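Notes for the structure review
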Amino acid sequence: MTTATEILQPVELDLEALLLDLRSLIGAGHPILQAAAEHLFSAGGKRLRPGIVLLISRALTSEKDLPLKHRKLAQITEMIHTASLVHDDVVDEADTRRGVETVHSRFDLRIAVLAGDFLFAQASWHLANLENLDVVKLLSRVIMDLAEGEIKQGLNKFDSSQSFESYLEKSYCKTASLIANSSKAIGVLSDVDQESLNSLYFFGRQLGLAFQVVDDILDFTGNDEQLGKPAASDLQSGYLTAPVFYALEENPSLSELINGKFSKKDDLDKALSLVRDSSAIKKSRELAEKFASESKDSISWLPDSPSKKALLELPEFVISRLY
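Residues numbered from 1 in each chain as written. Predicted model: local features only at pLDDT ≥ 70, side-chain atom pairs only at ≥ 80, totals over all residues. Heavy atoms only, no water.

A closer look at the pattern of salt bridges
Summed over the entire model, instances satisfying the criterion amount to 14 salt bridges. With its nearest N and O atoms 3.7 Å apart, the salt bridge here joins Glu250 to Lys283. Of this pair, Glu250 sits in helix α13 (residues 242–250) while Lys283 sits in helix α16 (residues 280–297); the two residues are 33 residues apart in sequence, bridging distant segments of the chain. Among the charged side chains, a network of salt bridges with common partners joins Arg141, Asp145, Glu148, Lys152 and Glu169. (Salt bridge = Lys/Arg side-chain N within 4 Å of Asp/Glu carboxyl O. Helix = DSSP H or I, 4+ residues; strand = E, 2+ residues; numbered from the N terminus.)

So, the nonpolar core
Judged by nonpolar contacts, the single largest core of 88 residues is most densely connected at Leu73, Ile80, Val135, Leu139, Leu254 and Leu311. With residues up to four places along the chain from it excluded, the contact list for Ile80 reads Phe120, Ala123, Leu139, Val142, Ile143, Leu146 and Leu178. (Core = buried A, V, L, I, M, F, W, Y, C linked by side-chain atoms within 4.5 Å. Buried < 20%, exposed > 50% of the residue type's maximum accessible area, 1.4 Å probe, protein only. Contact = heavy atoms within 4.5 Å.)

Some points on helix α4 (residues 48–60)
In an α-helix there are 3.6 residues to a turn, and that puts residues three or four apart on one side. The end-to-end C-alpha separation of α4 is 18 Å, in line with the 18 Å expected for 13 residues at 1.5 Å each. For α4, the tally of buried residues reaches 12 of 13 residues, placing the bulk of the element in the interior. Here α4 has its buried residues at Leu48, Arg49, Pro50, Gly51, Ile52, Val53, Leu54, Leu55, Ile56, Ser57, Arg58 and Ala59. (Expected span 1.5 Å × (residues − 1).)

What about the side chain of Ser171?
Mapped onto the elements, Ser171 comes out in helix α9 (residues 164–189). Aside from chain neighbours lying at most four places away, what touches Ser171 is Ala176, Leu209 and Gln212.

A few points about empty space enclosed by the protein
Where empty space is left becomes clear once a probe the size of a water molecule has been rolled over the atoms. One pass over the full model with this rule turns up four cavities of 30 Å³ or more. A total of three residues in the lining of the largest cavity trace back to one element, the largest contributor, which is α9. For the lining of the largest cavity, the class distribution of residues is three nonpolar, five polar and three charged. The volume enclosed by the second largest cavity comes to roughly 70 Å³. Taken together, Leu48, Arg49, Ile52, Ile179, Leu207, Phe211, Leu314 and Val318 make up the full set of residues lining the second largest cavity. (1 Å grid on protein atoms, 1.4 Å probe; cavity = no way out; pocket = protein on both sides within 12 Å on 5 of 7 lines; lining within 4 Å. Points joined across faces, edges and corners; volume = space filled by probe spheres on them. Nonpolar A, V, L, I, M, F, W, Y, C, P; charged D, E, K, R; others polar.)

Let's talk about helix α8 (residues 133–155)
Relative to the 33 Å expected for 23 residues at 1.5 Å per residue, α8 spans 33 Å between its end C-alpha atoms, a close match to the ideal helical length. Residue Asn132 occupies the N-cap position of α8, its side-chain oxygen lying 3.2 Å from the main-chain nitrogen of Asp134. (Polar contact = N/O pair within 3.5 Å; in protein donor to acceptor, adjacent residues only side chain to side chain.)

Observations regarding the packing of α16 against helix α17 (residues 306–320)
The geometry of α16 relative to α17 is characterised by a closest axis approach of 8 Å and an angle of 170° between their N-to-C directions. By the angle between their directions, the pair α16 and α17 is classed as roughly antiparallel. Note on element contacts: α17 touches α16 through Leu312, Pro315, Glu316 and Ile319, opposite Ala288, Glu289, Ala292, Ser295 and Lys296. Along the lines of polarity and charge, the residues of the contact of α16 with α17 split into five nonpolar, one polar and three charged. (Axes fitted to C-alpha atoms, helices over the stretch in contact; angles between N-to-C directions. Parallel < 35°, antiparallel > 145°, perpendicular 65-115°, else oblique.)

Focus: the packing of aromatic side chains
With the rule as written, the count across this model stands at five aromatic pairs. Between Phe164 and Phe245, the aromatic rings sit 5.6 Å apart at their centres with planes inclined by 80°, giving edge-to-face as the arrangement. With Phe164 in helix α9 and Phe245 in helix α13, this pair connects stretches of sequence that are 81 residues apart. The exposure classification of Phe164 matches that of Phe245, with both residues buried. Where Phe164 meets Tyr246, the ring centres are 5.4 Å apart and the plane angle is 45°; that geometry is what we call tilted. (Phe/Tyr/Trp six-rings, centres within 6.5 Å; stacked < 30°, edge-to-face > 60°.)

All quantities given are derived from atomic positions and should not be read as evidence of function.
Below is the structure:
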């Protein structure tokens, strides 16, 4: 199976430079935030989001050195993503991420919230300095979507009456918006036409949705190491995902367990069995594969290059996590 590191090889040096720049940018003059930032960026991760920005940039240019604004956009993308993870961990009360202590576990809740806020503020500052109103609007929308997605998720906990569409909207806000809008933004900075901008947005949107559905499947089929968090934690927390919605169609009795917040001893185990013993996982996999295929098809117009090849491999990589 192709790894994320192998896929991102065309922008390997760009990503190394990005990480060095981020460490110097974020914590300068703030010792505690510097320590928090160092902790965040030493925690690993695939750097897929800035990697996608850089791959699209390289696919759209023949220049050896990427324009400064393109590299800044990749940095901003990673800042926004990392800030959202810090806040997510606080909301979810997660002790670890990717096997590393979360910021609030290592420091405290106050520092974690402030560190997340500071990263969002830094991203906004550097975004404004790009001096491109269209790009500012796109990435500002992402920050709004992230907050909206978190609120929607919190309000709909343990509610089996919510719609599948509301789940997809939440998934877009929390996962796909950043990939979609940053993909489109790099197209804006590259001066491509409107049709190409729309296809870059669609590429990121469908890729992000595929990624989220795969994550939601792995919550039922994966292990703690694979997920970077305890398995079945989403359902236990009351978050309804694609497999749960499909299982509800076959087993309406699942709604009683969900609405009751798994209050009885064996309720969660019963719910997990209802999901795993239904066709929900299969249907969810088909949905993820549909999103991935649509993502791949949308960028066929890009000129052939190692970066285009890598971008076309990304949807396949997302689906391969299931096998």
